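This is what each chain is made of:
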Amino acid sequence: MTVEVNFVPKAGRPRTADLAYKVYLYDVTEELFDELADEDTNAELIDGVMVVHSPASPCHDDVGGFLRSVMRVFARKKKLGTVLGPDSLVRLATGRKFGPDLYFLERSRVPTWLTEKQFEGAPDLVAEILSPSNRAEDLNDKRPAYQEAGVKEIWLIDLAAEEILVDRRRGKRYTTTTATRGRVSSRVIPGFWIDAAWLWAAPLPEEWDCLNRILESETPPTA
């Protein structure tokens, strides 16, 4: 078995010794992946290659937590489904076990988690936060795999470029829109939207304030 280690220095911090890394293990079966990966291992299986990731950066973690919180509470309040990630795995197909930064399942598709170790099939929506260490894989490997599996909506959040790419399935094809500011709405989660600028703010806005704005926008004005 071959092991490849990539070290990616953090931009703008020449003195730091804290380097992002990835470990690649080739020719890994699903059975071997399940043996090697435990709950404390941040790993994915991409077409037979086991990719072990370093911990997310604070910025990556902050933005992911913010978006998951707002989307999850909205989906539950509206009884539309549930939002999970990034610690649970999605088995898209044989040899493909991904851990999206977040994924949404419509209410009728939410399994009984006490008896399931992973979600089987394509989520209704996935979101990935691009960072220097994972950008190429998210765009070149995972994005087409999500499309091949039939995920209805794919959000790719580029923190460096401050833009959101949204792939939406139309029949057997996908259309892509790009946003840097203004509302980015989901067609899979009816009524849900965010202002793209929220994700670039420092510090991030309060989740409850953003959620209230989303909910208020759905309420027609009283006479």
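So, here's what we can say about the structure. (Residues numbered from 1 in each chain as written. Predicted model: local features only at pLDDT ≥ 70, side-chain atom pairs only at ≥ 80, totals over all residues. Heavy atoms only, no water.)

## Here's the deal with the packing of helix H2 (residues 58-77) against helix H5 (residues 207-218)
Remark: H2 packs on H5, axes separated minimally by 10 Å, with the N-to-C direction vectors making an angle of 40°. The orientation of H2 relative to H5 falls into the category oblique. Considering the relative orientation of H2 and H5, their crossing is right-handed. In this structure, H2 uses Phe-66, Ser-69, Val-70, Val-73, Phe-74 and Lys-77 to contact H5, whose residues at the interface are Glu-207, Trp-208, Cys-210, Leu-211, Ile-214, Leu-215 and Glu-218. Taken together, the residues of the contact of H2 with H5 break down into nine nonpolar, one polar and three charged. (Axes fitted to C-alpha atoms, helices over the stretch in contact; angles between N-to-C directions. Helix = DSSP H or I, 4+ residues; strand = E, 2+ residues; numbered from the N terminus. Parallel < 35°, antiparallel > 145°, perpendicular 65-115°, else oblique. Left-handed = near helix turned anticlockwise from the far one by under 90°. Contact = heavy atoms within 4.5 Å. Nonpolar A, V, L, I, M, F, W, Y, C, P; charged D, E, K, R; others polar.)

## Comments concerning the sheet that holds strand S5 (residues 81-84)
The six strands are arranged S5-S8-S10-S11-S12-S13 in an open sheet whose pairing can be described as mixed. The outermost strands of the open sheet, each flanked by one partner alone, are S5 and strand S13 (173-179). When the angles between neighbouring strand axes are averaged without regard to direction, this sheet yields 15°. (Pairing = 2+ DSSP bridges.)

## Digging into the nonpolar core
Within the largest apolar cluster, 34 residues are counted, with the highest numbers of intra-cluster contacts made by Trp-155, Ile-164, Phe-192 and Ile-194. Counting residues per element, the ones that place at least two in this core are H2, strand S8 (102-106), strand S10 (125-130), strand S11 (153-158), strand S12 (163-170), strand S15 (193-195), helix H4 (196-200) and H5. Tallying contributions element by element places H2 first for this core, with seven residues. Residues contacting Phe-192, with those up to four places away along its chain left out, are Leu-67, Val-70, Met-71, Phe-74, Trp-155, Val-184, Ser-185, Ser-186 and Ile-214. Counting 21 residues, the second-largest nonpolar core is a separate cluster that includes Val-51, Leu-130, Val-151 and Tyr-174. (Core = buried A, V, L, I, M, F, W, Y, C linked by side-chain atoms within 4.5 Å. Buried < 20%, exposed > 50% of the residue type's maximum accessible area, 1.4 Å probe, protein only.)

## Here we look at the pairing of S10
Extensive coverage of S10 is indicated by the burial of six of its six residues. In S10, alternate side chains face the same way, and those of Leu-125, Ala-127 and Ile-129 on one face and Val-126, Glu-128 and Leu-130 on the other are all buried. In this sheet, S10 lies alongside S8 in antiparallel orientation, the contact comprising three bridges. Counterpart to Leu-102 in the pairing with S10 is Ala-127. In this sheet, S11 lies alongside S10 in parallel orientation, the contact comprising six bridges. Pairing of Ile-129 across the sheet is with Ile-157, part of S11.

## Here's the deal with the pattern of salt bridges
Summed over the entire model, instances satisfying the criterion amount to 17 salt bridges. Ionic contacts of the salt-bridge type, sharing partners, join the residues Glu-44, Glu-128, Asp-138 and Lys-142 into one network. (Salt bridge = Lys/Arg side-chain N within 4 Å of Asp/Glu carboxyl O.)

## Observations concerning the packing of aromatic side chains
For any pair of aromatic rings, the description rests on two quantities: the centre-to-centre distance and the angle between the ring planes. Taken as a whole, this structure holds four aromatic pairs when the rule is applied. For the pair Tyr-24 and Tyr-26, a centre-to-centre distance of 6.5 Å together with 15° between the ring planes defines the contact as stacked. Relative accessible area serves as the criterion here: at 27%, Tyr-26 is assigned to the partly exposed category. Between the NZ or CZ atom of Lys-142 and the centre of the ring of Phe-98, over which it lies, the distance is 5.5 Å. Above the ring of Trp-193, the side-chain terminus of Arg-183 is found at 3.9 Å from the ring centroid. (Phe/Tyr/Trp six-rings, centres within 6.5 Å; stacked < 30°, edge-to-face > 60°. Lys NZ or Arg CZ within 6 Å of the ring centre and 35° of its normal.)

## What about a negative patch on the surface?
Taken together, the side chains of Asp-61, Asp-62, Glu-206, Glu-207 and Asp-209 make up a negatively charged region of the molecular surface. Tracing the backbone through its elements, the reader meets Asp-62 in helix H2. Asp-62 sits in the partly exposed class, given a relative accessible area of 43%. (Patch = residues over 30% accessible without salt bridge, like charges linked within 9 Å, V, L, I, M, F, W, Y side chains within 5 Å. Areas by Shrake-Rupley, 256 points an atom, 1.4 Å probe, with all protein chains shown as cover. Lys, Arg positive; Asp, Glu negative; His and termini not counted. Charge placed at Lys NZ, Arg CZ, Asp CG, Glu CD.)

This is a description of form; function is not addressed.
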